[in-house]
Amino acid sequence: EFRLLASAATELIWTTNAKGEIDDLPKWRDYTGQTEEELKGFGWLKAIHPEDQEKTMQSWQKAVEGKSLFEAVYRLKDKNGQYRYFLSRGLPLLDHHGEIKKWIGMMYDVHERIEHEEKLKIAY
């Protein structure tokens, strides 16, 4: 049921293991053009704009340590080499001992919103 929902969603839905390592995300691969091999582990970071990678990883590590909400805005490169801003949010699924079993999250395209906000900053 979850796979069916993820396939039907217009947003990019993602899952990782407890550490944040990815096995495969077909919709991510479709968007970024990364292969399954390139995506594995922390290969997803390579599709994020180099200027946003460190900040994104710091947000990720903070969420893992706190077993709390992961939230980051970053530029993601599509398969044509163009970057768009995305908001990524995810929560840990905890086992009965309070340990992280996996992460489930969703990414939203917020490119137009970010560009509009930047234009407003310049205007004032």
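Caption draft 1: The arrangement of the overall build of the chain in detail. Per the secondary structure count, the chain includes five helices and four strands. Taken over C-alpha atoms, the radius of gyration comes to 15 Å for the chain, in line with the 14 Å a tight globule of 124 residues would show. Among the 124 residues that make up the chain, the fraction classed as buried is 34%. Within the chain, contacts between residues at least 6 apart in sequence are counted, and of these 43% link residues at least 24 apart.

Caption draft 2: Structural view of the pattern of salt bridges. Tallying each qualifying case throughout the model produces seven salt bridges. Across the salt bridge formed by Glu112 and Arg84, the nearest N and O atoms sit 2.9 Å from each other. With Glu112 in helix α5 (residues 111-123) and Arg84 in strand β3 (residues 83-94), the pair connects residues that are 28 residues apart, well separated along the chain. Where Arg113 meets Glu117, a salt bridge forms, and the shortest distance between an N and an O atom there is 3.3 Å. Residue Arg113 and its partner Glu117 are both found in helix α5; the two are separated by four residues, about one turn of the helix. A relative accessible area of 35% means that Glu117 is categorised as partly exposed. Among the charged side chains, a network of salt bridges with common partners joins Glu51, Asp52 and Arg75.

Caption draft 3: Structural context of the packing of aromatic side chains. Within this structure, the stated rule accounts for six aromatic pairs. Taken together, a centroid distance of 6.3 Å and an interplanar angle of 45° make the contact between Phe42 and Trp44 tilted. Looking at Phe42, the relative accessible area reads 30%, which means it is partly exposed. Under the relative-accessibility criterion, Trp44 is labelled buried at 7%. Ring geometry for Trp60 and Trp103: centres 4.7 Å apart, planes at 55°, overall tilted.

Reading the values: rules and limits
- Residues numbered from 1 in each chain as written.
- Predicted model: local features only at pLDDT ≥ 70, side-chain atom pairs only at ≥ 80, totals over all residues.
- Heavy atoms only, no water.
- Helix = DSSP H or I, 4+ residues; strand = E, 2+ residues; numbered from the N terminus.
- Rg over C-alpha atoms; globule rule 2.2 N^0.38 Å.
- Buried < 20%, exposed > 50% of the residue type's maximum accessible area, 1.4 Å probe, protein only.
- Contact = heavy atoms within 4.5 Å.
- Salt bridge = Lys/Arg side-chain N within 4 Å of Asp/Glu carboxyl O.
- Phe/Tyr/Trp six-rings, centres within 6.5 Å; stacked < 30°, edge-to-face > 60°.

By themselves, these observations are geometric and do not establish any function.
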